[in-house]
Number of protein chains: 2
Amino acid sequence: MSDLPADLAAALAARFGEGFTTAAAARAQHAHGESHHRGPPPDGVVFARSTEEVAALLSLCAAFRVPVIPFGAGSSLEGHLIAVRGGISLDLTRMDAILRVSPGDLDCTVQAGVTRERLNADLRDQGLFFPIDPGADATLGGMTATRASGTNAVRYGTMRENVLALTVVLADGRIIRTGSRARKSSAGYDLTRLFVGSEGTLGVIAEITLRLHGIPSRISAALCSFPDVVQAVEAAMAIIQHGIPVARMELMDRGLIAAVNRHARLDLPLRDTLAFEFHGSPASVAEQVELAGGIVREFGGEDFAWAASPEERNRLWKARHQAYHAVVGQRPGAKGWTSDVCVPVSELAGSVLHARALLEGCPVPAAILGHVGDGNFHVVFAVDPDSPEEMEAVARINSSMVRRAVEVGGTCTGEHGVGLGKAAYLREEMGEAVEVMARLKKALDPEGILNPGKIFDL
Amino acid sequence: MSDLPADLAAALAARFGEGFTTAAAARAQHAHGESHHRGPPPDGVVFARSTEEVAALLSLCAAFRVPVIPFGAGSSLEGHLIAVRGGISLDLTRMDAILRVSPGDLDCTVQAGVTRERLNADLRDQGLFFPIDPGADATLGGMTATRASGTNAVRYGTMRENVLALTVVLADGRIIRTGSRARKSSAGYDLTRLFVGSEGTLGVIAEITLRLHGIPSRISAALCSFPDVVQAVEAAMAIIQHGIPVARMELMDRGLIAAVNRHARLDLPLRDTLAFEFHGSPASVAEQVELAGGIVREFGGEDFAWAASPEERNRLWKARHQAYHAVVGQRPGAKGWTSDVCVPVSELAGSVLHARALLEGCPVPAAILGHVGDGNFHVVFAVDPDSPEEMEAVARINSSMVRRAVEVGGTCTGEHGVGLGKAAYLREEMGEAVEVMARLKKALDPEGILNPGKIFDL
């Protein structure tokens, strides 16, 4: 049963009509993301259609001190969507309008519920694309809230670099605009970057102004097999250090290749592999390929195996984007648990080797993949969340990876966010800076109604 | 006379010895930046040598509720350094150690008082450089505090994109670290970006971890003359829209060329000009030059006039960096006043044309220059600050430019910061978002001792 105050439920029904529900099925659907994290469902779900509706919801919830948890594609990996203190799940997927595209300025504005694939389908005819691509077809609101990145970040940056401005609804229902359409600005505090990555805890992101990029005239993708994972990583490091502007450079270890082959019906060679994509003019791509080819050979890499057609290339990256499901799906009933450390590039080989050693004793299927150009890699585990032994074993491996990452100057989360899963590590990584974050939270959400219990527990 | 509480003065003398002074000459030297802004000098000056000394100063000043104004190279253009409520000028120029350079990770950590030229001199032998280059040889602390950029931002971004992490001393003297050395992170609020651009009002930036870049194997610079300024801007817009990765693309109008010729003893053609620099491999530079050359010809641009040697190239950019002094120096006794709007690229030609029309009736020498690839341009005025008529006329032109920039989706300041000079415009541009900034300020500096009166007046 829903624990909403009756007066609030009545007010929500009056304001949102069929856009408000306390039905068990809807609440269950909005109770979790993709991963192993579990918790109570929300007390109700509101489907907003506009920034003004988001503002109306927040005003009402503020009056009743009832939590609000923003919800997009539901692809969170760190428990962001769990209603740990009850409240309303604010589903933004009906806010799916692309409000403006300005090819001359290489920017656009979208509502928070637009997904990345939807946006790119819309942009294609104009010769433009938006590069940030987490595995899931996430909403741009969710991607902004978690400071997401993906396979293109090595060349194009993350949401941090590609959001120009936001429309945000504050805890009291006020609506602000955090920036302008200027490519750069020194006009006061960088509120845009403060809300990017704030995981719904400082305000609800309603509209997003994004930087776009021209589709390069030449795109070429290739796989390169290595004798082992460390040589693959060392080759990737050398490519970065040589300043070759690769667009994608993804590590897939042998185990991942096996899972992906099965899941996507491919027959990639069962070797530790780097998957590359090169963007640019024909001359620039040719030069990048020559330089990168020389480097991979030095580290024992084989000749590039080229994707022969755009279709084959798309199939390759689609398989890569489904890696999480490929690993988890190997084991019926299993849930996913993903590590997400990011370290200075020079520490990457050591960190992957350390992870590999930890996996020797791992009782569940696991595979390594990574955005190695950024120093970010994941181990995906397929766990049985009802097995305390398995959960503990994976937690131990994950902890050990995080501690090592922090020791060498890295971070506990490169792109998935803190949510519930990394909250315990944030203080280890950030020390007293967590107090500063808590003060900011208190300043913008004094009643603590915005996605409470995430990032840190006040 | 200094208005410092006697007990604080005694404590500072005991703690800092000769690093603390209330001498009139030192106070006068720390009373202002480069521009026309004037105000009272600080009550005293402290020269800090370490993060711990900064922390000690802030603890003492917090106890006495005495303001602290961080001071670097003194090259502020918006009145950031003026002690509007008295207090201590914290001179960071003795914190000039380059603490670490990691070529393999393309990053380094410096103390806040290191200047950009000093850092680049140190990096050159390792084949690395730090691209952000405001006109002055500013300190990296000051550049971080104002979210500075300069001529390379079109390719390499601004301080926003090139600061990885900071060591910050808070208002109460506590020391925090805002990030890690990972290239990307989703670990909580982006404190690094919050302090970048906070102009000393949220904390004192003591150490900075910066992204570095490899010196490109080919660097070529050229000038291109245009029939008029609008065609030059339209050519620049088209180059951006075509995605050509120019490293520098600077507008210098006829008036600026005249001033620069005089100041730097050059004989550049007296035409509205774009100055280019191309970075990359030889093949990539050749391709960029061919593409850009085709575009400038479409807009009436002449053939590129190439800098024949590295020395000539350096002389050209040095002259460009001294543009401010070249304009102001035309008129003995004058001070500089610089506008700093930044607009969406598609609005640039219209905005420059608007500025040009406003300058028709301008009573003082003025010239237009701009980082046109970013949509950012300046008008530099050489004013007599003692002439109310001149100051009013320039203020009127500047206001009109700012209002138009905000109307078309731009910002009042692309790179110089708010300080005192843009505070009146911040609300026009940001609306209620300024209240959010004020709440953050109050959360981190409840007593209001950190550079009070800057950005906004609480």
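Residues numbered from 1 in each chain as written. Chains lettered and ligands numbered in written order. Predicted model: local features only at pLDDT ≥ 70, side-chain atom pairs only at ≥ 80, totals over all residues.

Moving on: the overall build of chain A. The secondary structure content of chain A amounts to 17 helices and 18 strands. Projected onto its principal axes, the C-alpha positions of chain A cover 70 × 55 × 45 Å. (Helix = DSSP H or I, 4+ residues; strand = E, 2+ residues; numbered from the N terminus.)

So, about the domain arrangement of chain A. Residues and elements named next belong to chain A. Annotation of chain A at the domain level lists domain 1 (6-91), domain 2 (98-214), domain 3 (218-311) and domain 4 (326-416). Between the C-alpha centres of domain 3 and domain 4 there is a distance of 22 Å. Contacts between the two partners involve 20 residues from domain 3 and, on the opposite side, 20 residues from domain 4. Of all elements in the fold, only α9 (229-241), β13 (248-252) and α10 (254-264) reach the threshold of two or more residues within the side of domain 3 that touches domain 4. For the side of domain 3 that touches domain 4, the per-class residue count stands at 14 nonpolar, 2 polar and 4 charged. (Domains from an automatic or database assignment. Contact = placed C-beta atoms within 7 Å. Nonpolar A, V, L, I, M, F, W, Y, C, P; charged D, E, K, R; others polar.)

Turning to the sheet that holds strand β15 (residues 305-306) of chain A, a few remarks are in order. Residues and elements named next belong to chain A. Read across the sheet, 7 strands follow the order β15-β12-β14-β13-β17-β18-β16 without closing on themselves; strand pairing throughout is antiparallel. Bordering the open sheet on either side are β15 and β16 (335-338), each of which pairs with just one other strand. Where strand β12 (residues 218-226) meets β15, 2 bridges bridge the pair, whose relative direction is antiparallel. For Leu223, the partnering residue across the bridge sits in β15 and is Ala305. (Pairing = 2+ DSSP bridges.)

We now examine the nonpolar core. One finds Leu90 and Ala236 of chain A together with Leu90 and Ala236 of chain B to be the most contacted residues of the largest nonpolar core, which totals 302 residues. Among residues more than four places away in sequence, those in contact with Leu90 of chain A are Val46, Ala48, Val54, Leu57, Val68, Ile69, Pro70, Phe71 and Val204 of chain A. (Core = buried A, V, L, I, M, F, W, Y, C linked by C-beta atoms within 7 Å. Buried ≥ 20, exposed ≤ 12 C-beta atoms within 10 Å, placed from the backbone.)

A few words now on the pairing of strand β2 (residues 44-47) of chain A. Residues and elements named next belong to chain A. The two faces of β2 match: Gly44 and Val46 on one face and Val45 and Phe47 on the other face are all buried. Pairing analysis gives 4 bridges linking β2 to strand β4 (residues 88-91), with the strands arranged parallel. If you follow Gly44 over to β4, its bridge partner there is Ile88.

A few words on the interface of chain A and chain B. Listed per partner, the contact involves 70 residues of chain A and 70 residues of chain B. Secondary structure elements with two or more residues in the side of chain A that touches chain B: α7 (159-162), β9 (175-177), α8 (191-195), α11 (282-298), α16 (423-430) and α17 (433-444) of chain A. Classifying every residue of the side of chain A that touches chain B gives 24 nonpolar, 28 polar and 18 charged.

On to the packing of helix α1 (residues 6-16) of chain B against helix α3 (residues 51-64) of chain B, then. All names here are of chain B. Axis separation between α1 and α3 bottoms out at 10 Å; the angle between their running directions is 170°. Taken as axis vectors, α1 and α3 run roughly antiparallel relative to one another. For the pair α1 and α3, the contacting residues are Leu8, Ala11, Leu12 and Arg15 in the first and Ala56, Leu60 and Phe64 in the second. When its residues are assigned to classes, the contact of α1 with α3 shows 6 nonpolar, no polar and 1 charged. (Axes fitted to C-alpha atoms, helices over the stretch in contact; angles between N-to-C directions. Parallel < 35°, antiparallel > 145°, perpendicular 65-115°, else oblique.)

Here we take up the sheet that holds strand β1 (residues 20-21) of chain B. Residues and elements named next belong to chain B. Read from one edge to the other, the open sheet built from 4 strands follows the order β1-β2-β4-β3, with strand pairing classed as mixed. Strands at the two margins of the open sheet, each flanked by one partner only, are β1 and β3 (68-71). For β3 and strand β4 (residues 88-91), the ladder comprises 4 bridges, and the chain directions are parallel. Counted as the bridge partner of Val68 is Ile88 from β4. Sheet strands in contact with α1 are β1 and β2 (44-47), and its direction is about 25° off that of β2.

Here the focus is the confidence of the model for chain A. Looking at chain A, the pLDDT average stands at 96 and 99% of residues meet or exceed 70. Here the predicted complex scores 0.97 on pTM and 0.97 on ipTM. (pLDDT = per-residue confidence, 0-100.)

Before going further, it helps to examine the pairing of β13 of chain A. Residues and elements named next belong to chain A. Of all 5 residues making up β13, 5 are buried, and the element is well covered by its neighbours. Of the two faces of β13, the one carrying Arg248, Glu250 and Met252 and the one carrying Met249 and Leu251 are both buried. Two strands pair when backbone bridges link them, and β13 and strand β14 (residues 272-280) are joined in this way by 5 bridges, in the antiparallel orientation. Residue Met249 lies in a different strand from β14, and its bridge partner there is Phe276. As paired elements, β13 and strand β17 (residues 366-371) share 3 bridges and run antiparallel to each other. Bridging from a neighbouring strand, Glu250 pairs with His371 of β17.

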